[in-house]
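Topology and contacts: notes
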Amino acid sequence: MPAQTTNLPTTPIFRSEEELSRLPASERIRYRLVGAECRYHANDNIAAFIREGELAELESEVEARMQEVLEALVIDTDSDHNTNETAKRVARMFLTEVFRGRYVPIPSVTEFPNFSRLNELMIVGPVKVRSACSHHLCPILGRVWIGILPNEHSNLIGLSKYARICEWIMSRPQIQEEAVMMLANELQVRVKPDGLAIVMEADHFCMHWRGVRDDESMMTNSVMRGAFLKDANLRREFLSLLSKKV
Ligand SMILES: [Zn+2]
(Lines give C-alpha, C1' and ligand atoms only; values in the text may rest on other atoms or scores of the structure.)
Protein backbone atom coordinates (compact mmCIF):
# COMPACT_ATOMS: atom_id res chain seq x y z
CA MET A 1 0.00 0.00 0.00
CA PRO A 2 1.45 3.37 -0.87
CA ALA A 3 2.22 5.63 2.06
CA GLN A 4 -0.68 7.87 2.96
CA THR A 5 -0.82 11.57 2.43
CA THR A 6 -0.53 13.76 5.49
CA ASN A 7 -0.55 17.49 5.94
CA LEU A 8 3.16 18.06 5.97
CA PRO A 9 3.64 21.80 6.11
CA THR A 10 7.09 21.80 4.56
CA THR A 11 7.83 22.07 0.88
CA PRO A 12 11.40 20.86 0.54
CA ILE A 13 14.03 23.13 -0.90
CA PHE A 14 14.65 22.08 -4.47
CA ARG A 15 17.72 19.91 -4.90
CA SER A 16 19.21 18.86 -8.23
CA GLU A 17 19.87 15.18 -8.99
CA GLU A 18 23.56 15.96 -8.79
CA GLU A 19 23.17 17.46 -5.34
CA LEU A 20 21.01 14.54 -4.24
CA SER A 21 23.55 11.99 -5.39
CA ARG A 22 26.03 13.35 -2.84
CA LEU A 23 23.61 12.76 0.05
CA PRO A 24 23.18 9.52 1.99
CA ALA A 25 20.47 7.26 0.51
CA SER A 26 18.16 7.83 3.50
CA GLU A 27 18.18 11.58 2.86
CA ARG A 28 17.48 11.14 -0.85
CA ILE A 29 14.55 8.84 -0.12
CA ARG A 30 13.22 11.20 2.56
CA TYR A 31 13.50 14.12 0.13
CA ARG A 32 11.29 12.26 -2.38
CA LEU A 33 8.77 11.29 0.30
CA VAL A 34 8.44 14.82 1.63
CA GLY A 35 8.22 16.20 -1.93
CA ALA A 36 5.35 13.82 -2.69
CA GLU A 37 3.73 14.62 0.69
CA CYS A 38 3.77 10.94 1.58
CA ARG A 39 3.68 9.65 5.11
CA TYR A 40 6.61 7.47 6.17
CA HIS A 41 5.66 6.15 9.57
CA ALA A 42 7.18 2.90 10.84
CA ASN A 43 4.39 0.77 9.36
CA ASP A 44 4.22 2.51 5.96
CA ASN A 45 5.59 0.94 2.82
CA ILE A 46 8.02 3.27 1.03
CA ALA A 47 9.13 0.96 -1.79
CA ALA A 48 7.89 3.35 -4.50
CA PHE A 49 10.46 5.95 -3.37
CA ILE A 50 13.50 3.68 -3.38
CA ARG A 51 15.58 3.37 -6.54
CA GLU A 52 17.76 0.53 -7.69
CA GLY A 53 20.83 0.05 -5.53
CA GLU A 54 19.59 2.27 -2.72
CA LEU A 55 18.54 -0.60 -0.45
CA ALA A 56 22.16 -1.74 -0.28
CA GLU A 57 23.18 1.84 0.52
CA LEU A 58 20.58 1.99 3.29
CA GLU A 59 21.95 -1.23 4.74
CA SER A 60 25.46 0.25 4.97
CA GLU A 61 24.08 3.41 6.53
CA VAL A 62 22.15 1.49 9.18
CA GLU A 63 25.23 -0.63 9.86
CA ALA A 64 27.38 2.46 10.47
CA ARG A 65 24.81 3.99 12.82
CA MET A 66 24.21 0.68 14.61
CA GLN A 67 27.94 0.54 15.22
CA GLU A 68 27.64 3.97 16.88
CA VAL A 69 24.84 2.65 19.09
CA LEU A 70 27.08 -0.19 20.25
CA GLU A 71 29.85 2.31 20.94
CA ALA A 72 27.45 4.51 22.90
CA LEU A 73 26.55 1.41 24.94
CA VAL A 74 30.29 1.14 25.72
CA ILE A 75 30.70 -2.26 24.13
CA ASP A 76 34.17 -3.04 22.88
CA THR A 77 33.29 -4.46 19.49
CA ASP A 78 36.97 -4.66 18.52
CA SER A 79 38.07 -7.23 21.07
CA ASP A 80 34.67 -8.82 21.74
CA HIS A 81 34.40 -11.29 18.89
CA ASN A 82 30.69 -11.83 19.64
CA THR A 83 29.79 -8.23 18.79
CA ASN A 84 32.38 -7.70 16.10
CA GLU A 85 29.89 -8.09 13.27
CA THR A 86 26.73 -7.28 15.22
CA ALA A 87 26.09 -3.91 13.56
CA LYS A 88 26.27 -5.57 10.14
CA ARG A 89 24.00 -8.44 11.19
CA VAL A 90 21.40 -6.14 12.74
CA ALA A 91 21.33 -3.85 9.68
CA ARG A 92 20.81 -6.82 7.38
CA MET A 93 18.14 -8.28 9.64
CA PHE A 94 16.22 -4.97 9.74
CA LEU A 95 16.28 -4.29 6.02
CA THR A 96 16.02 -7.75 4.52
CA GLU A 97 14.02 -9.66 7.11
CA VAL A 98 12.10 -8.18 10.02
CA PHE A 99 11.27 -4.74 8.50
CA ARG A 100 11.40 -5.84 4.88
CA GLY A 101 7.71 -5.08 4.40
CA ARG A 102 8.55 -1.34 4.46
CA TYR A 103 11.06 -1.53 1.63
CA VAL A 104 9.76 -3.95 -0.99
CA PRO A 105 6.59 -3.72 -3.11
CA ILE A 106 3.64 -5.96 -2.39
CA PRO A 107 4.24 -9.56 -3.53
CA SER A 108 2.62 -10.22 -6.88
CA VAL A 109 -0.83 -11.63 -6.43
CA THR A 110 -2.91 -13.06 -9.24
CA GLU A 111 -6.58 -12.35 -8.84
CA PHE A 112 -9.08 -14.41 -10.74
CA PRO A 113 -12.80 -13.76 -11.19
CA ASN A 114 -15.17 -15.81 -9.09
CA PHE A 115 -16.26 -18.09 -11.98
CA SER A 116 -17.93 -20.70 -9.82
CA ARG A 117 -19.71 -17.92 -7.90
CA LEU A 118 -18.57 -19.10 -4.51
CA ASN A 119 -20.56 -17.41 -1.81
CA GLU A 120 -19.76 -19.55 1.19
CA LEU A 121 -17.74 -18.44 4.18
CA MET A 122 -14.08 -19.16 3.59
CA ILE A 123 -11.51 -19.17 6.40
CA VAL A 124 -7.76 -18.87 5.97
CA GLY A 125 -5.49 -19.49 8.92
CA PRO A 126 -3.88 -19.64 11.24
CA VAL A 127 -1.26 -17.61 9.38
CA LYS A 128 1.94 -17.15 11.37
CA VAL A 129 2.68 -13.52 12.26
CA ARG A 130 6.18 -12.22 12.85
CA SER A 131 6.28 -8.53 13.58
CA ALA A 132 7.80 -5.99 15.95
CA CYS A 133 6.29 -3.31 18.11
CA SER A 134 7.03 0.21 16.98
CA HIS A 135 7.46 1.39 20.56
CA HIS A 136 10.40 -0.80 21.54
CA LEU A 137 11.24 -2.73 18.36
CA CYS A 138 10.61 -5.93 20.33
CA PRO A 139 9.22 -9.00 18.54
CA ILE A 140 5.50 -9.65 18.23
CA LEU A 141 4.72 -13.27 17.38
CA GLY A 142 1.25 -14.51 16.72
CA ARG A 143 -1.41 -15.84 14.41
CA VAL A 144 -4.02 -14.40 12.10
CA TRP A 145 -7.29 -15.85 10.83
CA ILE A 146 -9.05 -14.36 7.85
CA GLY A 147 -12.71 -14.91 7.04
CA ILE A 148 -14.00 -14.00 3.59
CA LEU A 149 -17.53 -14.03 2.33
CA PRO A 150 -17.18 -13.63 -1.45
CA ASN A 151 -19.86 -12.55 -3.88
CA GLU A 152 -20.04 -13.17 -7.64
CA HIS A 153 -18.04 -10.01 -8.33
CA SER A 154 -15.21 -10.82 -5.91
CA ASN A 155 -11.72 -11.45 -7.15
CA LEU A 156 -10.36 -14.57 -5.57
CA ILE A 157 -6.71 -14.99 -4.74
CA GLY A 158 -4.80 -18.20 -4.08
CA LEU A 159 -4.74 -19.38 -0.47
CA SER A 160 -0.98 -18.99 -0.10
CA LYS A 161 -1.28 -15.37 -1.24
CA TYR A 162 -3.17 -14.41 1.90
CA ALA A 163 -0.16 -15.52 3.90
CA ARG A 164 2.22 -13.56 1.65
CA ILE A 165 0.21 -10.33 1.90
CA CYS A 166 -0.03 -10.83 5.65
CA GLU A 167 3.74 -11.31 5.93
CA TRP A 168 4.37 -8.19 3.83
CA ILE A 169 2.21 -6.07 6.13
CA MET A 170 3.46 -7.58 9.37
CA SER A 171 7.19 -7.33 8.67
CA ARG A 172 7.26 -3.68 9.73
CA PRO A 173 7.36 -2.04 13.15
CA GLN A 174 3.70 -2.01 14.09
CA ILE A 175 1.05 -1.66 16.66
CA GLN A 176 -1.37 -4.57 16.52
CA GLU A 177 -4.55 -2.49 16.13
CA GLU A 178 -3.15 -0.78 13.03
CA ALA A 179 -1.69 -3.99 11.61
CA VAL A 180 -5.08 -5.72 11.41
CA MET A 181 -6.63 -2.60 9.85
CA MET A 182 -3.91 -2.41 7.21
CA LEU A 183 -4.35 -6.09 6.38
CA ALA A 184 -8.13 -5.63 6.15
CA ASN A 185 -7.75 -2.60 3.83
CA GLU A 186 -5.40 -4.46 1.52
CA LEU A 187 -7.66 -7.52 1.27
CA GLN A 188 -10.80 -5.41 0.87
CA VAL A 189 -9.33 -3.63 -2.18
CA ARG A 190 -8.08 -6.82 -3.79
CA VAL A 191 -10.81 -9.35 -3.08
CA LYS A 192 -13.86 -7.05 -2.80
CA PRO A 193 -15.84 -9.50 -0.68
CA ASP A 194 -19.30 -8.98 0.83
CA GLY A 195 -17.79 -9.58 4.23
CA LEU A 196 -14.32 -9.62 5.69
CA ALA A 197 -13.25 -10.67 9.17
CA ILE A 198 -9.78 -10.74 10.64
CA VAL A 199 -8.70 -11.93 14.05
CA MET A 200 -5.13 -11.55 15.25
CA GLU A 201 -3.79 -13.03 18.44
CA ALA A 202 -0.22 -12.18 19.35
CA ASP A 203 2.39 -12.29 22.03
CA HIS A 204 4.21 -9.01 22.64
CA PHE A 205 7.76 -9.59 23.79
CA CYS A 206 8.11 -6.07 25.19
CA MET A 207 5.73 -7.30 27.89
CA HIS A 208 8.03 -10.18 28.87
CA TRP A 209 11.48 -8.75 28.41
CA ARG A 210 10.90 -5.33 29.96
CA GLY A 211 8.15 -3.26 31.56
CA VAL A 212 5.66 -5.28 33.58
CA ARG A 213 7.31 -8.62 32.69
CA ASP A 214 3.91 -10.16 32.43
CA ASP A 215 4.05 -13.68 31.05
CA GLU A 216 0.36 -13.86 30.18
CA SER A 217 0.33 -11.14 27.60
CA MET A 218 -1.55 -12.38 24.57
CA MET A 219 -3.40 -9.62 22.79
CA THR A 220 -6.34 -10.31 20.51
CA ASN A 221 -7.76 -7.90 17.96
CA SER A 222 -10.42 -8.24 15.37
CA VAL A 223 -11.81 -6.35 12.42
CA MET A 224 -15.27 -7.13 11.03
CA ARG A 225 -16.56 -5.58 7.84
CA GLY A 226 -19.62 -5.76 5.61
CA ALA A 227 -21.70 -8.89 6.15
CA PHE A 228 -19.75 -9.79 9.30
CA LEU A 229 -20.91 -6.56 10.90
CA LYS A 230 -24.54 -6.93 9.92
CA ASP A 231 -25.02 -10.65 10.35
CA ALA A 232 -24.53 -12.01 13.89
CA ASN A 233 -24.96 -15.61 12.68
CA LEU A 234 -22.17 -15.26 10.17
CA ARG A 235 -19.94 -13.71 12.81
CA ARG A 236 -20.74 -16.56 15.17
CA GLU A 237 -20.04 -19.15 12.48
CA PHE A 238 -16.63 -17.58 11.79
CA LEU A 239 -15.66 -17.37 15.45
CA SER A 240 -16.80 -20.92 16.18
CA LEU A 241 -14.92 -22.39 13.21
CA LEU A 242 -11.89 -20.45 14.30
CA SER A 243 -12.01 -21.73 17.87
CA LYS A 244 -12.11 -25.31 16.54
CA LYS A 245 -8.94 -24.64 14.59
CA VAL A 246 -6.84 -23.45 17.53
ZN1 LIG B 1 6.60 -2.49 22.81
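The preceding data block contains the structure.
Here's what I pulled together on the structure shown here. What you are looking at is a predicted structure, and each value in this text was computed from that prediction instead of being measured.

1. Details of the overall build of the protein
In terms of regular secondary structure, the protein is built from 10 helices and seven strands. Each of the three principal axes of the protein carries a C-alpha extent, and together these read 60 × 45 × 30 Å. Sequence-distant contacts in the protein: of pairs separated by 6 or more residues, those separated by 24 or more amount to 69%. Element-wise, carbon and sulfur atoms account for 54% of the exposed surface of the protein, whose accessible area totals about 14000 Å². Once the 30 positive and 34 negative side-chain charges of the protein are each reduced to a mean point, those two points are 6 Å apart.

2. Observations regarding a negative patch on the surface
On the surface, Glu68, Glu71, Asp76 and Asp78 cluster together into a negatively charged patch. Within the element layout of this structure, Glu71 appears in helix 3 (residues 54–72).

3. Side note on unusual backbone geometry
Cis peptide bonds are those with omega within 30 degrees of zero, and the linkage from Gly125 to Pro126 qualifies with 0 degrees. Its place among the elements puts Pro126 in strand 2 (residues 122–133). A positive phi angle is found at Val74, which is not glycine, with a value near 55 degrees. Phi at Leu137 takes a positive value of approximately 55 degrees, unusual for a residue other than glycine. The topology assignment puts Leu137 in the loop between strand 2 and strand 3 (139–149). We classify Leu137 as partly exposed; its relative accessible area is 45%.

Calculation notes
- Residues numbered from 1 in each chain as written.
- Predicted model: local features only at pLDDT ≥ 70, side-chain atom pairs only at ≥ 80, totals over all residues.
- Heavy atoms only, no water.
- Helix = DSSP H or I, 4+ residues; strand = E, 2+ residues; numbered from the N terminus.
- Contact = heavy atoms within 4.5 Å.
- Areas by Shrake-Rupley, 256 points an atom, 1.4 Å probe, with all protein chains shown as cover.
- Lys, Arg positive; Asp, Glu negative; His and termini not counted.
- Charge placed at Lys NZ, Arg CZ, Asp CG, Glu CD.
- Patch = residues over 30% accessible without salt bridge, like charges linked within 9 Å, V, L, I, M, F, W, Y side chains within 5 Å.
- Salt bridge = Lys/Arg side-chain N within 4 Å of Asp/Glu carboxyl O.
- Buried < 20%, exposed > 50% of the residue type's maximum accessible area, 1.4 Å probe, protein only.

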